[in-house]
Every structure is written in structure tokens, then in C-alpha cells.
Amino acid sequence: MKLALAFLAIVALVTANAIPKKELYADKDFLLKQKFLFEIVYRVEGPLMFEDYIKLGKSFTYNKQDYEFPEHYDASYMSKYYKAYQHGVTLPKGEFFGALVDTHMEQLYGLTDFLLYAKTWDIFQRNVCWARLYANEGMFVQALTLAVMHRPDFKDLVLPAIYEIFPQYFLNSKFVYQAEKFDYDVWSKYIMYEKEYKDVVYTDYTKYFKDNDRFYKYFYTRDWKVWQWWKIIGLDQHWYANDQFIIRDNAYTYSKDSKYLDIMKDVKMFWMPVDYTRDIEFFNRESKISYFTEDLEWNAFWYYFNLGYAAYLKGAEQDRRGEYYIYCLEGLLKRYYLERLSNGFGEIPEFSFLTEVEYGYDPQLIHYNGEGYSYRKNYYDIESFGNFEYVHKIKDFFERLDGIITQGYYVTADGQKFDMHKPQAIEHLGDMLQGNVDVYDKYFFRFWYLYAHMYFGHADESSDFVLPNVFLNYETMLRDPLFYQFYKKVLDVFHQFYEHVEPYTKEELQFPGVEIEDVTVNNLVTYFDLVDFDVTNLLNDKMTFVDGQFVWDKTLLARQVRLNHKNVEFYYTIKSEKEEKVVVRVFFGPKYDEFGRIIPLARNHKNFIEMDNFVHQLKAGKNLIKRSTEDFFWLRQDHTTYTEMYKFVMSAYEGNFEYPLGLTEPLCSFPDRLLLPQGWPEGMPMQFFFFVYPYVGSLENNTYESDYGCSIRHGIPTIDDKAFGYPMDRKINEFEFYVPNMYFKDVKIYHENALKKLYGEKYEHFGTFDYTYFHEKYDKTIIPLGHLLKVMEESVVQNCGKIE
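Not measured: the values here are computed from a predicted model.

Another point: the overall build of the chain. Looking only at helices and strands, the chain has 27 helices and 19 strands in total. Residues classed as buried in the chain amount to 58% of the 804 residues present. At a minimum sequence separation of 6, the contacts of the chain that also span at least 24 residues come to 82%. Only carbon and sulfur atoms are counted for the fraction: they give 52% of the accessible area of the chain, which is about 34,900 Å².

Next up, the structure:
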């Protein structure tokens, strides 16, 4: 009997949340709109090739009656942009666009208004075609992205990922050059002759491993980075036919689907291995973590977050946008710090205008107009370089904030006075740090950060023409270690604010009658796997049209190694004296610093990242709860590629496929695979912190999980009225902090070297890519034995409550 009950318990665990949701499918009107959005950004840096769209764009006329603006909205940006367009003084096509260049930003807002506030789809489509014909390409894409994200009538419509629209902003110049030169006919002839000299081109490095316990001097693979996997298996950096499937987490699911195979059967696919930047011209130890800082989805997340909560768009009343901005920025820096720690680095270096930046950075990027991105040499002297006016404005900003926080009040231009030592003042501080339109002092704080980015990016606010620099766009700035150093200084203001806020007391934190008895966590394991990114927009061959319909018959893929982790599962045992609706929050952070010293909680709480929060209805007695990273609403899995999405839409439009709404997850959500830092082979010590408290608030947990998206249109994803990061947001008094409804757990993050097996044995398929060799799938349904026994004894035998 016990075994039977145990089996039922296992089934309940494995099949939790497995009830299928009712699928909604797109109609013809939706598919036509989605088709348009995919086609209008195809090879966007080149001329528009769709004749219908060209005619539509040339029919554009400016009529203010075509637009509907929010109440009290300043529509002057739109009229200014149109006047500049008429006089031919807008940013020309082909020039570098910097979203954080003052003159470019004003034009961006004007162009965005033409798309965001168009009354109907027909007006919107006409305006998009007009902008595609005449506006700067970078400005056009960002304006279109803002419109798609924020228009309430565009639910479920999506654009390709920004790294698919502009791969040049994410991948090194060597790859971009080779992709733009790709010629299918030449490539086909090359492959015909390749086998004849393959034995000469490829050297089997494994035969050089050992001879009488000595390494041969010719063997250098021990110095190769993990992301240079193609060298170890005998591949060069050129194009290969992709005759299997597009690699990503769910590739196997698609590759076994006959409908998918039928949709993709006529697409010729090619891939090339892609490197990250390394210390080539000058020493830079920071390049050791370039796999993280240059991760495409890490950078794309910051791009979509800043467009979702764009500084020039007004937020709703009491939507906590300023507080949320600080929370996300702080999470970004905490996550970067953990990656540094797992690679032997310590704290993020302090930023000062009076000291040099020790390590330089060369992004090795090239803009689509052929200009290379500028780089920073080692020992970069900040204050002695560039525009001193910008430096003074940035310093004035920090000095004024310091005065406001120290004095404890803030007086606006119209005489309103705010107490800056109250917790609620964090919203005003967040508005100041973001420099958004909700800030009260619009003459000083609004857009202050522009001066910082233009200074670091060597941009002149009086000129439209600037050279490419990673600091001038959201999608590229996270590549540079200087970003984290400067914004650490910005967050010092936030921490200074909380020095004046009293810590939580024991009475505020404790939850009488509720206790976390135990939390079991499965092994935390990270590894590097491979993924294909769609870079078809780099193709330069002639586009094919049949009966006026575009034929998408080729796709280029960048095959890159990236950090990933096995699924993380939590098994809670929570005891409650009565039924309670509660919130459970989960944090994780380091246990030791880079020197192996335990970090005191009074200081370490600043390093803890909030991993999960959810509402749960406790029952009287023991509650056993299973929670997995697959349940975290703010995480997403791999993005369906541009090529696949377009083929899905066209197949559905032709009646051969039912296109589900919400086919791809929100691009603005955080990539699941970057949740954990790399860790160590022997295990990197970390801590989990679990906290349960009564649910109190006016915000019901009913939509933020099911309709998650980062934009003002969706609102701020809050679970209750507590502060973001509660209770780790304030400084901690350890004599008051520890209560029974808290639980700390020591864990380790283990890193598995996926290429280790290549170092000591011969690779059987040397000179080719073996898809089965690189995609050993991990079992995500393993249940820790200790907790399984607890389930059997407590939940099943003693009938203390079912697992939920």
C-alpha cells in the first residue's frame, strides 16, 4: 500500500502544472499584420524591396487628424521631426544612430509618435513604410519597436529579436564580414572540392596529446577558450550546411514534428562558429567573462527593458516605475558581480573621475555602414579626456542628489516638499536616477544620463554625426566593463538613501503561526552548450519573388557557445497553524568573497538577487510545495528564430498551419539560462534565502504571470504592495532580522565542462559536426531521494496534505 501511495506521490510531482491550456489561434487579419512586421525589417540596412510597401510609403501625407494622443501629451516632437524631414536635415540613412545622443533622441521621439499614436492599422502601416523608405535605419527600428511594445491594440504581434534585425551590434566584425560575403553558388562549388584536401586542412590534434608523459610543443588547445570549440573538433571558421535542425533548448521537439519539418523543408540553412572578444591587442583580464557580458540575450534584455519603460513615456499613476528601474538595474549589477566572483574576480571596481580605468575594452564590432566601433585602451584617464562640460554636469548631478538625501527633503520648482528619509521616497529617487518624464524637477534631473553616455561615447550634443560607440545604445553598452563601474556609482546613491531608512524590526518581519521547516534544492549545475542565432539579415544575395510573393529560401546561423544550467527545483515544507494566503520570496547570493572570507549579512544583503516570488494558499498543518525555475514568470526559454517565425506565419496564412497566439515568449523577459553564475567544478558556495509572509495588498496575483511583458502598457509586474526586494531592500539589523518564517540554505553551484571529453580522447567525427555529440539532454524530472522519502512518510503515510 505504501509503495502504491508513493508512486502516486511521484506522479503528482512530475505532472504538476501539466493541464493543457486552451490554445488560441491567429486569424487572417492577424497573420497579415504579422507578415508585414516581419517583412518590413528584412535586411533593414538595405533598400526596401517589397513593391507594395514602396507604393504605400510614397503615399504618405501629414495630417494631424490621423493621430490620437494621450491627455496632456506634448506632440511637438512629431511636428519638429516632420519639419526637419521636409528640410532634409533628419539623420541620414546609413549613419550611426545612438539612442543616447541628444540630437538623435529628439528625432527618435518624433518618429515614434508617427507610429505609436496612429489611429488605425492602415495609417500605422503607411507611416511605417514611409519611415522605412526615408528614416535612418537604426532610428526606424527603435521607433517601430517602441510602437509594437506600447500600442494596446498590438497584443501578440511581435518583431524579430533585435540581434536578428541588427546582428552587427552583437557579433564580431570578422563574422559579419564573412556573412555579408556569403554567396551560395560559390559556397556550393567550394564544398565540391573540400573533401579532396580535407586531410591537409584539418589536423587531428588528439594525436599530439602525450608521448612518454610529455606534451608536444605544437599542442596549444589547453590555451583555447571554451567558446573556441570548433578548433578542438577540427573545424575552421567558415560556413557549413546545416542539414539537421536549428540548435536551441527545444530543438529536438521541433525536429520530430512533421508539420515543422514540412514548413522548413525548402529552407537551405548554413552556420558558422562565432568567437567572443579576447585580449588580442592589449591585455585585459575582463575578457575572461566576455561569454557573459557579450551574451546576445543578456544585452537584448537591457535593450527591451529600457524601451519598455522608456524615459520619455509617462508612466501610470503610482505604477512604481522609478522604484522598479532601480530594482532591475541593481539586479543587473548583482548578477554581473556573481559572474565575476565565479571567475575569481572580486568587487566591481569603484568608479571615479579622478582615477584611471585599469582595463580597456575593444568591442570588435562594426557598424553596417562599415565604420568600426571605437575602443578604450588600458589605463584610460576619464577626466582628462573629452568634454569637460559633460563631466561637470554629471558631477553636479551626484552632488545635488547627495545634498538632497543628506538634508532629507526635496523641494520642487513649484514649491512641493518631499521627505526623502521615508521609504516611499524611493519612487522619487528612482525617477531621478532614470531621468524619466515623471521626475518633478524636469530642468535638472531629466535625461541627465545622456551627458554620461555621450561623454563615454565621445559624442558631441551639437552634432548629428557621431562615430559608433557601445555606450550610445542600450543593446551594446553591457558589453563594456566600464558600464558596471559607472552604474555602481549610480546605485551608491540608492544605498545612501537606505542608510537613512530604519531597518525592519522583528515585529514587522515575523509571521506568528507560520514556520519554514525545510527547503530541499536539487543540485545546481551549469554548463556551456551551443545555440544557433539567426543572422539572415546579413545576407547580400538577390531576394527572390514568385508571383509577387517573397520566397525565404536561405538562412544564415551564428553557432555560439553560451552559459546554461540544469533545471532548479525547490521542495518546501512549511508549517502553518491555520489557513493563510501568503507570499513566498526566494533570494540567492554569495557566501564568501574572492578571498574566501564569509561576507556578513549586514553587508552581503546587497548582493542577494531575488530569484522567485509567488502567492500560495497555505492549509492548516504541513504544506509541501514544489516550485521549479520553469514556473518563474519572469524567465523565458530560447527564442523561436526569425526564419522559423516567418515560415510559420506564411504557412498559416496559406491555410497549412494553425498559428498559436503567443507562439514566442516575451523578448523582454530574462533568459532562464543566465539565472545562475558559472560556478566551479568543485562547487561554488552560495546561499539561498527563503521568506514567507502574509499576503496584504490591493494588487491581486491574477494577470502579471499570465500576461507578462515589460512595458508601460503591461504595467509593473508587482506581486503585492511590499518594496521590490523586500526584506533585503533595507540595511539589516541582525539582532532583529532572524524569524521562524525565514530559512537560509547553503548550496553549491557545480560547473560541468561539456568539452572535457574532447581533451583526452579521439573525436570520432573529426572535421565534421556531430549533432548527437553536443546535445546530450539533461533529465529535468529527477526528484531528490531525501525529499522523496519525506513525501512518502509525511505527505502520503501521515496524510499531512498533498503536494501542490
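Grouped together as the largest cluster of nonpolar side chains are 247 residues, with contacts concentrated most on Leu 144, Phe 483 and Phe 570. Look past the residues within four positions of Phe 483 in its chain and what remains in contact with it is Trp 302, Leu 329, Leu 332, Leu 333, Phe 471, Met 477 and Leu 478. Val 583, Phe 587, Phe 608 and Met 728 belong to the second largest nonpolar core, which has 19 residues in total.

Summarising the model, the chain shows a mean pLDDT of 84, and 85% of its residues fall at 70 or more. For the chain, per-element mean pLDDT is lowest for helix α1 (residues 2-14), which scores 31, and highest for helix α6 (residues 121-134), which scores 98. Confidence drops under a pLDDT of 50 for residues 208-212, and excluding neighbours within four residues, the segment shows 12 contacts in the predicted structure. Within the model, pLDDT remains below 50 along residues 701-706, and this stretch shows 11 contacts once partners closer than five positions in the same chain are excluded.

On to empty space enclosed by the protein, then. Leftover empty space is mapped by rolling, across the atoms, a probe with the size of a water molecule. Within the structure shown, the criterion is met by eight cavities of 30 Å³ or more. Here the largest cavity is characterised by a volume of approximately 210 Å³. Sorting the residues of the lining of the largest cavity by element identifies α5 (102-116), α7 (137-150), α15 (296-308), α18 (426-434), α19 (449-456) and α20 (474-477) as the ones contributing at least two each. Residues that form the lining of the largest cavity fall into these classes: 18 nonpolar, four polar and no charged.

Okay, the side chain of Asp 518 next. Within the secondary structure, Asp 518 is located in strand β7 (residues 514-521). Taking the relative accessible area as the measure of exposure, Asp 518 reaches 14% and is therefore buried. Among the polar contacts listed, one links the side chain of Asp 518 to the side chain of Thr 520, at a separation of 3.3 Å. Among the polar contacts made by the side chain of Asp 518, one reaches the side chain of Tyr 743 at a distance of 3.1 Å.

Across all of its chains, the model carries 36 salt bridges by this definition. When the shortest N-O distance is used, the salt bridge between Lys 93 and Glu 137 registers 4.0 Å. A residue pair is termed long-range when its members are at least 10 positions apart, and Lys 93 in the loop between α4 (76-86) and α5 and Glu 137 in helix α7 qualify at 44 residues. The network of salt bridges with common partners includes Arg 43, Asp 541, Asp 553 and Lys 554.

Next up on the list: the sheet that holds strand β12 (residues 569-576). An order of β7-β12-β15 is seen for the three strands of this open sheet, with the pairing classed as antiparallel. Only two strands of the sheet have a single partner each, and these edge strands are β7 and β15 (621-628). Averaged over neighbouring strand pairs, the angle between their axes works out to 20 degrees when direction is ignored. With seven bridges joining them, β7 and β12 adopt antiparallel strand pairing. The partner of Ile 516 across the bridge, within β12, is Ile 574.

Attention now goes to the packing of aromatic side chains. A ring pair, where both rings are aromatic, is described by two values, the distance of the centres and the angle of the planes. For the coordinates displayed, the defined rule picks out 109 aromatic pairs. Centroid distance Trp 229 to Phe 769: 5.8 Å. Interplanar angle 70 degrees. Geometry classified as edge-to-face. Linking Trp 229 in helix α11 (residues 229-232) with Phe 769 in the loop between α26 (756-759) and α27 (785-797), this pair joins segments that are 540 residues apart in sequence. Their ring planes at 70 degrees and their centres at 6.0 Å tell us that Trp 302 and Phe 483 sit as a pair that is edge-to-face.

Another aspect to go through is the environment of Asp 431. Mapped onto the elements, Asp 431 comes out in helix α18. Sequence separation between Asp 431 and Tyr 324 is 107 residues; the distance between their C-alpha atoms is 9.7 Å. The contacts of Asp 431, once residues within four sequence positions are left out, are Gly 322, Asn 436, Asp 438 and Val 439.

The eight strands are arranged β1-β2-β11-β8-β19-β18-β13-β14 in an open sheet whose pairing can be described as mixed. Across the chains shown, the open sheet's two edge strands, defined by having one partner strand only, are β1 (240-241) and β14 (609-618). The pairing of strand β13 (residues 580-590) with β14 spans nine bridges and is classified as antiparallel. For Val 586, the partnering residue across the bridge sits in β14 and is Asp 612.

Most of strand β8 (residues 524-534) sits inside the fold, with 11 of its 11 residues counted as buried. Neither face of β8 is left uncovered, since the one carrying Leu 524, Thr 526, Phe 528, Leu 530, Asp 532 and Asp 534 and the one carrying Val 525, Tyr 527, Asp 529, Val 531 and Phe 533 both have all their residues buried. Relative to strand β19 (residues 742-752), β8 runs parallel, the two sharing four bridges. Bridging from a neighbouring strand, Val 525 pairs with Tyr 750 of β19. In terms of strand pairing, β8 meets strand β11 (residues 554-565) through nine bridges, oriented antiparallel. If you follow Val 531 over to β11, its bridge partner there is Gln 560.

Further remarks concern the pairing of strand β2 (residues 268-273). Burial of β2 is extensive: five of the six residues sit out of reach of the surface. Where β1 and β2 come together, two bridges link them in antiparallel fashion. Across the sheet, the residue bridging to Tyr 240 is Trp 271, located in β2.

Taking 1.5 Å of rise per residue, 14 residues should cover 20 Å, and α6 covers 20 Å from first to last C-alpha, within 8% of that figure. Of the positions making up α6, those classed as buried are Trp 121, Ile 123, Phe 124, Gln 125, Arg 126, Asn 127, Val 128, Cys 129, Trp 130, Ala 131, Arg 132 and Leu 133.

This brings us to unusual backbone geometry. In the segment running from Tyr 726 into Pro 727, the intervening peptide bond is cis, with an omega of 5 degrees. Take Pro 727: it is sitting in the loop between β18 (684-694) and α25 (734-737). Despite not being glycine, Arg 43 shows a phi value in the positive range, around 45 degrees. Within the secondary structure, Arg 43 sits in the loop between α2 (28-40) and α3 (51-58). Notably, Asp 547 is not glycine yet its phi reads approximately 55 degrees, a positive angle. Along the chain, Asp 547 turns up in the loop between β9 (544-546) and β10 (549-551). When its relative accessible area of 82% is taken as the criterion, Asp 547 is described as exposed.

Take Asp 729: it is sitting in the loop between β18 and α25. Buried within the structure, Asp 729 lacks any salt-bridge partner; its nearest side chain of opposite charge belongs to Arg 730, at an N-O separation of 4.3 Å. Residues in contact with Asp 729, not counting those within four places in the same chain, are Tyr 498, Tyr 504, Ala 723 and Phe 724.

Among the residues of α4, those classed as buried are Tyr 77, Met 78, Tyr 81, Tyr 82 and Ala 84. End-on, the buried residues of α4 take up no more than an arc of 160 degrees, which puts them together on one face. Every exposed residue of α4 that faces more than 90 degrees away from the buried side is listed here: Lys 80, Lys 83 and Gln 86. Tucked inside the fold, the buried residues of α4 contact α5, α6 and α7. Following α4 by one or two positions, Gly 88 adopts a phi angle in the positive range, close to 70 degrees.

Criteria and cut-off values
Residues numbered from 1 in each chain as written. Predicted model: local features only at pLDDT ≥ 70, side-chain atom pairs only at ≥ 80, totals over all residues. Heavy atoms only, no water. Helix = DSSP H or I, 4+ residues; strand = E, 2+ residues; numbered from the N terminus. Buried < 20%, exposed > 50% of the residue type's maximum accessible area, 1.4 Å probe, protein only. Contact = heavy atoms within 4.5 Å. Areas by Shrake-Rupley, 256 points an atom, 1.4 Å probe, with all protein chains shown as cover. Core = buried A, V, L, I, M, F, W, Y, C linked by side-chain atoms within 4.5 Å. pLDDT = per-residue confidence, 0-100. 1 Å grid on protein atoms, 1.4 Å probe; cavity = no way out; pocket = protein on both sides within 12 Å on 5 of 7 lines; lining within 4 Å. Points joined across faces, edges and corners; volume = space filled by probe spheres on them. Nonpolar A, V, L, I, M, F, W, Y, C, P; charged D, E, K, R; others polar. Polar contact = N/O pair within 3.5 Å; in protein donor to acceptor, adjacent residues only side chain to side chain. Salt bridge = Lys/Arg side-chain N within 4 Å of Asp/Glu carboxyl O. Pairing = 2+ DSSP bridges. Axes fitted to C-alpha atoms, helices over the stretch in contact; angles between N-to-C directions. Phe/Tyr/Trp six-rings, centres within 6.5 Å; stacked < 30°, edge-to-face > 60°. Expected span 1.5 Å × (residues − 1). Lys, Arg positive; Asp, Glu negative; His and termini not counted. Arc of directions from axis to C-beta.

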